[in-house]
Amino acid sequence: MMPTLYLPTDSLARAVGADEVSTALITQARERNLPLELQRTSSRGLYWLEPLLEVDSPQGRIGFGPLTAADVPSVLEALSSSTEHPLSLGLVEELPYLKTQQRLLFARAGITRPLSLDDYRAHGGFEGLARAVAIGGEQTATAVFDSGLRGRGGAAFPAGIKWRTVRGTQAAQKYIVCNADEGDSGTFADRMLMEGDPFLLIEGMAIAGLCTGATYGYIYVRSEYPDAVATLRNALEIARSNGYLGANVGGSGQAFDMEVRVGAGAYICGEETALLDSLEGKRGVVRAKPPIPALQGLFGQPTLVHNVLTLASAPLILAKGAQFYRDYGMGRSLGTMPFQLAGNVRHGGLVERAFGLTLRELVEGYGGGTASGRPLKAAQVGGPLGAWVPPAQFDTPLDYEAFAAMGAMLGHGGVVVADDTLDMAHMARFAMEFCAEESCGKCTPCRIGSTRGVEVIDRLLAAPDQAGRDQQVIILKDLCDTMQYGSLCALGGMVSFPVASALKYFPADFGLQPSEAEQ
Amino acid sequence: MPDVELHLSVVNTLLERHKGTPGALLPILHDIQERIGYIPDAAVPEIAHALNQSQAEVRGVISFYHDFRTAPPARHILRLCRAESCKSRGAEQLAAQLRERLQLDDHGSSADGSISLRPVYCLGACACSPALELDGRVHARLSAERLDALLDACREDA
Ligand SMILES: Cc1cc2nc3c(=O)[nH]c(=O)nc-3n(C[C@H](O)[C@H](O)[C@H](O)COP(=O)(O)O)c2cc1C
Ligand code: SF4
Ligand code: FES
């Protein structure tokens, strides 16, 4: 008897050859007359091992990876003769990278089939919804509030306050909007969750709907994620035909339904009010606040806007209780965070841990240092608007407040690692260029300032002498200030973070002496 | 039937389908582009009329979003990721390789209509940077050799 085999359908696993491995497995098993049971599951998020094939054993699943189609004959040979294979990793759940994680949100990652309702239910699915139906909206809001959950989209605003606000506002129609625009480089947790565990997001949104009295929801997914869109649309159908959406959600007697909308390649549509305008069929232009979306959001109605990970945390909080959740973390950063290791890192992937581990533990421990083997230069934390953090500051705990205190941010938890070959002047210039490209155009400091920023950096790099460089540094810093304080949203307001940190910690890349950049 | 008429019948069917959809403009534009390959100019007045908006508003939306095209695309669309994670793994060298081999700039289309280059800012493949998307399919852990092989494959079926 051949044991059951598992291989991810995740788009990144496929981008590194999972489908080719799958095809090879199927055809070669047929040639050898081996009965093959192959399940396509979500990914564990141990991406450096993808394509990662897992095989049932009495002790648990054994991993093989990273595989190519060419490895398939020898793997099948090893399996049918019970011999060792050089790419065998042993028990997957004993791999230190995974074993030391605290997987709450990604508890099912790599284990279940994304569109199998049975798999989902067998692993705790819909327990949170059942609990929410049983205790009612008021207590659901209290649970979310007490859990200490903060928005995972970047701003880290306490979720419970928003739930209470939307719940407490009277309106003919309220909405739940899921922000799945995940535009930050270095992040992929939303994608993994939507492709791998779509019912979890649906369950979270249904709980939010029942609690706040919203009867309709939208998931706004970036167009760069077509697999997530397709998986979610299929999952919605399945959820609907099983009574988890529709007129009587989970037996609550309340109605809630939703649909997927696709973005169109605009980074600014990740900002919540620009996203709402985009959903309304307009250009994605940032709105001035107030009014806040919780009071006047989509089509002017009260709207709960949350990131994918925030909404997907609700089922767990309801099922296990607020106290269970807040027992993870430190200070005011409670629960777990799916950190994402990217860039020039040996072991890129998803690391879900309680807040409070240090950046060094993440990058050097889990990440194993740079992929190139060259010296570590810096890590950009929190996306394109996050600061470049030099290794000297890597002992900072991953906690919202600790990062804010050093002029950085955790954002959506993405970490881009760089070795000593990455030119920070080029990266600073790119930050400004990106801002110019993606600005919604509403405020002058952002729209014009970002273009000026590119020019100033070019002049700084071209300056023939120290006097010329000094002059450009003064202009650049002044420009960063103007943008920081004169912009409506964080695109213009925080692009100074990557620019100023590059200048401060890596002056040599700009042709400067340390003292010149410091002044 | 000439193109315009064919396009208009597609457009009108789609407009009909989205009649009751709130905030329908983006779904409509996506559907048109998926069916026709781009947003033909003749579609604009139809959309504006159906949504009770001005043509300027509709054009404003089309030009705001990077995804929407107003001319037919090349046979192959290659979008190389140029965001931070991929840059830290050599995306700029790959961009130079593309420019050199195709003799195109970062936004260019080859004269024979076989390939268009576009930058993209993150494909969610950052754990295996660098990455690109070719005709809707993501390829990660790119190297100079793999990029060459992908381009060879494009040329073969050109
Ligand atoms: C320029 C910009 C881009 C943003 N992009 C995203 C994004 O891609 N995904 C996201 O969830 N939040 C993004 N945000 C944050 C949202 O505006 C908003 O705070 C978030 O959706 C609220 O959800 P949360 O409470 O769950 O964090 C962005 C903000 C700004 C200023
Ligand atoms: S800072 Fe930039 S992106 Fe944000 S509202 Fe102003 S112009 Fe728009
Ligand atoms: S930065 Fe290139 S895939 Fe994310």
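Residues numbered from 1 in each chain as written. Chains lettered and ligands numbered in written order. Predicted model: local features only at pLDDT ≥ 70, side-chain atom pairs only at ≥ 80, totals over all residues. Heavy atoms only, no water.

## Description of the nonpolar core
- Counting residues in hydrophobic clusters, the biggest one holds 191 residues, and the most contacted among them are Leu201, Ile219, Val221 and Met432 of chain A together with Tyr65 of chain B.
- Per element, the largest residue contribution to this core is ten residues, and it comes from helix 9 (residues 198-212) of chain A.
- Apart from residues no more than four positions distant in its own chain, Val221 of chain A is found in contact with Ala180, Met194, Ala228, Val229, Leu232, Val260, Arg261, Val262 and Gly263 of chain A.
- By size, the runner-up hydrophobic cluster in this structure holds 16 residues, among which are Leu102, Leu134, Leu150 and Cys154 of chain B. (Core = buried A, V, L, I, M, F, W, Y, C linked by side-chain atoms within 4.5 Å. Buried < 20%, exposed > 50% of the residue type's maximum accessible area, 1.4 Å probe, protein only. Helix = DSSP H or I, 4+ residues; strand = E, 2+ residues; numbered from the N terminus. Contact = heavy atoms within 4.5 Å.)

## Quick look at the interface of chain A and chain B
- Facing 59 residues of chain A, the contacting portion of chain B comprises 37 residues.
- Interface area for chain A against chain B, summed over the two sides, is near 3,700 Å², with a carbon-plus-sulfur share of 57%.
- There are one salt bridge connecting chain A and chain B.
- The salt bridge partner of Arg137 of chain B is Glu20 of chain A, with a shortest N-O separation of 3.7 Å.
- At the boundary of chain A with chain B, the tally comes to 25 residue pairs in polar contact (both at pLDDT 80 or more).
- Where the side of chain A that touches chain B is concerned, the elements lending two or more residues are helix 1 (11-15), strand 7 (216-221), strand 8 (257-262), helix 11 (272-279), strand 12 (336-343), strand 16 (414-419) and helix 16 (424-438) of chain A.
- Per-element tally for the side of chain A that touches chain B: the top contributor is helix 16 of chain A, with six residues.
- Tallied by class, residues from the side of chain A that touches chain B come to 29 nonpolar, 17 polar and 13 charged. (Buried area = accessible area lost by both parts, 1.4 Å probe. Salt bridge = Lys/Arg side-chain N within 4 Å of Asp/Glu carboxyl O. Polar contact = N/O pair within 3.5 Å; in protein donor to acceptor, adjacent residues only side chain to side chain. Nonpolar A, V, L, I, M, F, W, Y, C, P; charged D, E, K, R; others polar.)

## Observations concerning the site of ligand 1
All names here are of chain A.
- Taken together, 19 residues surround ligand 1, and among them Gly153, Asn179, Glu272, Asn307 and Thr310 come closest.
- In this structure, Glu182 approaches ligand 1 through a main-chain N or O atom, which is 3.2 Å from an oxygen atom.
- Within the side chain of Thr310, a nitrogen or oxygen atom sits 2.6 Å from an oxygen atom of ligand 1.
- Coverage of ligand 1 by the protein chains reaches 90% of its 620 Å² of free accessible surface.
- Among the secondary structure elements, those contributing two or more residues to the shell around ligand 1 are strand 9 (303-307) and helix 19 (490-494).
- When residues in the shell around ligand 1 are grouped by element, the largest group, three residues, is from strand 9.
- Per-class residue counts for the shell around ligand 1 are five nonpolar, eight polar and six charged. (Near = heavy atom within 4 Å. Areas by Shrake-Rupley, 256 points an atom, 1.4 Å probe, with all protein chains shown as cover.)

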